[in-house]
Amino acid sequence: MPSFKNTKILPYTNKQLYSIIINVESYPEFLPWCKQSEITNKIDDNNFDAMLTIGYKALDENYTSRVKGAYLKQIESKAISGPFKYLDSIWVFNEYGKSCQVTFELNYEFKSFFLEKIMGAIFQKASEKMFSAFESRAKELYI
């Protein structure tokens, strides 16, 4: 089961970081290998389904995630359709003085052995870059 986890104290507020991560429709602007994202079933600003297209070179895959946010505390996402047996992520935000301690955890497995062989290494690299991409986005927007 491939996974990634990182915890870091960042010089941003919970609100600033939460707003970047919950804004799924902006992901193609800064997230590696995210080509398209669209909210498909909106319950409210913090709870919705989102369809995303990830790709590398000529290989694109679509999947839908169910996103559940607890405002300023955490954001959970679970793939409910697409090429994954499972794709679960969670962001947890804790105030740390004037900063925020943020933890990102991602666990996934592809349904197809073939897709795992082709996309597995690429997706692992993308997982590692994801955290830094969100951090860079915060720097771009708030510094």
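In the block above lies the structure referred to throughout.
Residues numbered from 1 in each chain as written. Predicted model: local features only at pLDDT ≥ 70, side-chain atom pairs only at ≥ 80, totals over all residues. Heavy atoms only, no water.

Asks: Got a sec to walk through empty space enclosed by the protein? Specific residues and values, please.
Replies: The tally for this structure, following the rule as stated, stands at two cavities of 30 Å³ or more. Taken as a whole, the largest cavity spans an internal volume of roughly 400 Å³. What lines the largest cavity is a set of 26 residues, and nearest its centre among them are Tyr27, Leu31, Leu52, Tyr63 and Met130. Listed by contribution, the elements that provide at least two residues to the lining of the largest cavity are strand S3 (47–56), strand S4 (59–70), strand S5 (74–81), strand S6 (84–96), strand S7 (99–110) and helix H2 (113–142). The leading source of residues in the lining of the largest cavity is H2, at six residues. Of the residues in the lining of the largest cavity, the class split is 22 nonpolar, four polar and no charged. Looking at the second largest cavity, its volume works out to about 60 Å³. Lining the second largest cavity we find Leu10, Leu17, Ile20, Ile21, Trp91, Val102, Phe131, Phe134 and Glu135. Counting only elements with at least two residues in the lining of the second largest cavity, the list comes to helix H1 (14–22) and H2. Here the residues of the lining of the second largest cavity are counted per class, giving eight nonpolar, no polar and one charged. (1 Å grid on protein atoms, 1.4 Å probe; cavity = no way out; pocket = protein on both sides within 12 Å on 5 of 7 lines; lining within 4 Å. Points joined across faces, edges and corners; volume = space filled by probe spheres on them. Helix = DSSP H or I, 4+ residues; strand = E, 2+ residues; numbered from the N terminus. Nonpolar A, V, L, I, M, F, W, Y, C, P; charged D, E, K, R; others polar.)

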